[in-house]
Amino acid sequence: VILFSDMKQMKRVQKSIEKGMKEGKWKTIRSVYSVLSLVPSHVKEKEKVLAEMQKILAKKEFRQVPVEYEAGIGELKKLAAAKPYKMKDLPRRLRGVLGDGLPVLFVVPKINPTQGDQAMAYAKDLRDINKTLLAGNMIIGDSNLILADMLRLLHRDGPRSVLLAFLAVLLIVLLDLRGRP
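A short tour of the structure in this document, coming up. (Residues numbered from 1 in each chain as written. Predicted model: local features only at pLDDT ≥ 70, side-chain atom pairs only at ≥ 80, totals over all residues. Heavy atoms only, no water.)

## Here we look at the side chain of Gln-14
Structurally, Gln-14 can be placed in helix H1 (residues 7-22). By relative accessible area, Gln-14 is classed as buried at 6%. If we ignore the near neighbours within four places in the chain, the residues touching Gln-14 are Val-32, Tyr-33, Ser-34, Leu-36, Ser-37 and Leu-105. (Helix = DSSP H or I, 4+ residues; strand = E, 2+ residues; numbered from the N terminus. Buried < 20%, exposed > 50% of the residue type's maximum accessible area, 1.4 Å probe, protein only. Contact = heavy atoms within 4.5 Å.)

Structure, rendered in structure tokens:
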């Protein structure tokens, strides 16, 4: 989940991620979606097409058609009269699941999160998105990212921690043996 300050920024980032995925970037991401994914885009152009269809279907030629075509023409007229729905038309429950109109982007990973190397690759992709699209200002909540950070720290600090623990135990044993006769 990525949080944004406004819908405009979220929409820009969502489109950029989708474009990047098509170009082969960010291979660990399966998809991104938000509440905007459920609302039609380019509504003005679609309304123009529907209006043109209504004009054509209202012509005299379509009023006197053979009986076998009347049902099809009626269905076309019904479809051409459709109005695109907006955010407020989405069911409340569905909007709630997708952030209730808040600028929240859901990133679905393509990886198996139990595989450490895959989780680290996914985290690398998220950091790349943060750097390239959001100038490092991303607010993200993702358990895979946390897992990857933990694994990265274990890889970096693990050997040193084991060595220090070994030396501490060795020192305690030596001090304990020194006090014995």
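## Quick word on the nonpolar core
Phe-4, Val-13, Ile-17, Ile-29, Leu-105, Val-107 and Leu-133 are the most contacted members of the largest nonpolar core, which has 21 residues in total. Counting residues per element, the ones that place at least two in this core are H1, strand S2 (29-33), strand S3 (104-109), helix H5 (116-134) and helix H6 (143-178). With seven residues, the top contributor of residues to this core is H5. Once residues within four sequence positions are removed from consideration, Ile-17 is found in contact with Trp-26, Val-32, Leu-105, Ile-129 and Leu-133. (Core = buried A, V, L, I, M, F, W, Y, C linked by side-chain atoms within 4.5 Å.)

## Some points on the environment of Asp-142
Residue position: Asp-142 is located in the loop between strand S4 (139-140) and H6. For Asp-142 and Ile-2, which are 140 residues apart along the polypeptide, the C-alpha to C-alpha distance reads 8.5 Å. The residues touching Asp-142, leaving out its near neighbours within four places in the chain, are Tyr-122 and Leu-126.

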